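Fold and geometry: a report
Chain by chain, the residues run as shown.
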Amino acid sequence: MAQFAIHPIHRFHGQSQPMRRPREFTCFSYDDEHALHLDDRSLRWYYPPQFPQGMDLSRGFDSFVKHDDDGVDEHLDSLLAAVVAHEQATRTKIDAQVLTWRGMMTKIMATPYDDRDGFEMNATFYQGCIFIEENHAYKVATRREQEARQNRPPPRQNPDRPWFPPDVMSYWGYKFETLSTLPRPWGEVTRDEIEGRDDATVSNKAQYCSVVRTGIGSSILCLGGEVDAVWDAKPQTPGGKQPIRWVELKTSADIASERDLEFFERKLLKFWIQSFLLGVPTIVVGFRSRQGRLVRLEEIATEGIPGTVRQRAALTQKPPLWDGDTCINFASAFLEWLRATMADSDGVWRIRRRPGSPEIEVFQVEETGHGNILPDTFLNWR
Ligand code: A3P
Ligand code: MG
Ligand code: MG
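Within every chain, residues take consecutive numbers counted from 1 along the sequence as written. Chain labels run from A onward and ligand labels from 1 onward, assigned in the order the entries are written. With pLDDT at 70 or above as the cut-off, local features in this predicted model cover only qualifying residues; side-chain atom pairs require 80 or more to be listed or tallied, and sums for whole chains, interfaces and linings still use all residues. Values reported for side chains reflect all heavy atoms of the structure, with hydrogen atoms and water molecules removed beforehand.

**Details of the coordination of the magnesium ion (ligand 2)**
Donor criterion used throughout: N, O or S atom within 2.8 Å of the metal, extended to 3.2 Å for Na, K and Ca. Water excluded; incomplete-looking sites may result. Donor atoms from the polypeptide that bind the magnesium ion (ligand 2) are Glu226 (OE) and Asp228 (OD), placed at 2.2 to 2.6 Å. If you look at the magnesium ion (ligand 2) and the magnesium ion (ligand 3), they sit 3.5 Å from each other and are both ligated by Asp228. We classify Glu226 as partly exposed; its relative accessible area is 26%. Using a 1.4 Å probe on the protein chains alone, a residue whose accessible area is under 20% of its type maximum counts as buried, one over 50% counts as exposed, and one in between counts as partly exposed. Taking relative accessible area as the criterion, Asp228 reaches 9% and is therefore assigned buried.

Right, here's the structure in full:
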């Protein structure tokens, strides 16, 4: 077993390692039935809700049928299908040294400031690249534990902070997406489509996923992840020079105290990493009341977030809650180490961090083959 030490994290302080700007080179969509299409059909356009103040984010919850991905392990299949199609169309192979979901990189990058959540991933080396997927069984098991903990109302309720089941709170996020986006650009929708959004069916089945080439330190990465909407228009030529004006949508409890602000700034760590990795320049936060009503919208520039957190810490003469450069340096060092550890190996590896553990453990779980990480369609093509 090989171990990568997380602590002491001051080893990763200082100016950040070079980053490449993420560039989308292909994309894919899941439709309303969650069927995969190698195109941008599920792209949505940002358009702020009309009269957001006071809108009830719980509206429609009773008829919401959540798409649950616990049942099937999707591995990296859709991401790899998009990569294969791209490679076949361009007759070149991508040059990534690490390929994974954006969510896995988010977990790795947040590690220096996250002692509560662990993670488990499976990885395999093939043709110069490490492919990393989430360990599905671990994900399902931790979600069950979390639900068992959160599904019980607290014994004593605070009327100012009423308790809601986790399913309702997670619905608020999807409802906000429905209220804030359009299926086509503003000029191409009807007034009814704009005004009827509060009555529209909320679904989490459809998704648009961007596939980017990016770099952290010396490692070249291919990442796939969902983007919620585009601000205006997606440039026609993929892989173009212009960054795409993506929008990440988030809901969060409105800030009424110093404690709330600190809570929000901790959440900003994940917001920032998630958007930074795909090159999403703007995050629109729908602040909501404790009762789940929309209070106000705020547009936050992703690149300014680490600076804002640092400056506020300086103002209050407290140590910063987190440091973005440290996250980048940590991820850069970890990826270099992982590449050296797994180089030219056969088989399947586990990448594991136990909650609160001072290290990330990496060990082989299968001596040969690629487990179920790489589908035959991918292996046959390569
Ligand atoms: P909020 O982020 O507004 O809470 P994303 O923000 O990544 O685009 O995710 C969209 C929504 O999915 C979230 O909206 C939330 O409602 C739901 N969601 C994402 N991760 C979740 C998790 N781990 N548990 C419950 N709901 C989650
Ligand atoms: Mg999303
Ligand atoms: Mg979102």
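After that view of the structure, there is still more to cover.
**Structural notes on the site of ligand 1**
Around ligand 1 sit Ser170, Gly173, Tyr174, Glu177, Asp228, Glu248, Leu249, Lys250, Thr251 and Gln274, and those are all the residues in its vicinity. Between ligand 1 and Ser170, the relevant distance is 2.6 Å, taken from an oxygen atom to a main-chain nitrogen or oxygen of the residue. The side chain of Glu248 places a nitrogen or oxygen atom 3.1 Å from an oxygen atom of ligand 1. Isolated, ligand 1 exposes 540 Å² of accessible area, and the fraction of that covered by the protein chains is 60%. Secondary structure elements follow DSSP: runs of H or I of four or more residues count as helices, runs of E of two or more count as strands, with numbering from the N terminus. Elements that contribute at least two residues to the shell around ligand 1 include exactly helix 4 (166-180) and strand 12 (246-253). Summary of the distance rule: residues count as near a molecule or strand when at least one heavy atom falls within 4 Å of that molecule or strand. Pairs of N or O atoms are called polar contacts if they sit within 3.5 Å, as long as, within protein, a hydrogen donor faces a hydrogen acceptor (for residues adjacent in sequence, only side-chain-to-side-chain pairs). Accessibility throughout is a Shrake-Rupley quantity obtained with a 1.4 Å probe, and a residue counts as covered only by protein chains that appear here.

**Describing the packing of helix 2 (residues 102-110) against helix 8 (residues 324-342)**
Contact pair helix 2 / helix 8: the axes reach a minimum separation of 8 Å and the direction vectors enclose 110 degrees. Regarding the angle of helix 2 to helix 8, the classification is roughly perpendicular. Considering how the two elements wind past one another, helix 2 and helix 8 form a crossing that is right-handed. Contact residues: Met105, Ile108 and Met109 in helix 2; Cys327, Ile328, Phe330, Ala331, Phe334 and Leu335 in helix 8. In this classification, the charged set is Asp, Glu, Lys and Arg, the nonpolar set is Ala, Val, Leu, Ile, Met, Phe, Trp, Tyr, Cys and Pro, and all remaining amino acids, among them Gly, are polar. Across the contact of helix 2 with helix 8, the residue classes tally to 9 nonpolar, no polar and no charged. Where helices are involved, their axes are fitted lines through C-alpha atoms of the stretch in contact, as for all axes, and angles between N-to-C directions lie from 0 to 180°. When describing relative orientation, an angle under 35 degrees is termed roughly parallel and one over 145 degrees roughly antiparallel, while 65 to 115 degrees is termed roughly perpendicular and anything else oblique. Crossings are sorted by hand: turned counterclockwise from the far helix by less than a right angle, the near helix makes the crossing left-handed, and turned clockwise it makes it right-handed. When checking whether two residues touch, look at their non-hydrogen atoms; a contact exists if any pair is within 4.5 Å.

**What about the coordination of the magnesium ion (ligand 3)?**
Each pair of donors in an ideal octahedron of six around a metal sits at 90 or 180 degrees, and each pair in an ideal tetrahedron of four sits at 109.5 degrees. The magnesium ion (ligand 3) binds to the protein through Asp228 (OD), Glu248 (OE) and Leu249 (O), with metal-donor distances spanning 2.0 to 2.3 Å. Donor residues binding the magnesium ion (ligand 3) come from one chain and are separated in sequence as D-x19-E-L.

**Some details on the pairing of strand 13 (residues 282-288)**
Taking burial as the measure, the 7 residues of strand 13 include 7 buried ones, the bulk of the element. Here strand 13 shows no split at all, with Thr282, Val284, Gly286 and Arg288 on one side and Ile283, Val285 and Phe287 on the other all buried. The sheet contact formed by strand 12 and strand 13 spans 7 bridges and is parallel. Within the sheet, the bridge partner assigned to Thr251 lies in strand 13 and is Gly286. Seen with the strands pointing away from the viewer, any crossover whose path from the first strand over the helix to the second strand runs clockwise is right-handed. As a crossover connection, the stretch from strand 12 through helix 6 (residues 258-278) into strand 13 is right-handed. The pairing criterion for strands is at least two bridges between them, as found by DSSP. Bridge analysis of strand 13 against strand 14 (residues 294-301) gives 7 bridges, and the strand direction is antiparallel. Residue pairing for strand 14: Gly286 is matched across the bridge by Leu297. The turn linking strand 13 back onto strand 14 is made up of 5 residues, and Gly292 within it adopts a positive phi angle of 85 degrees.

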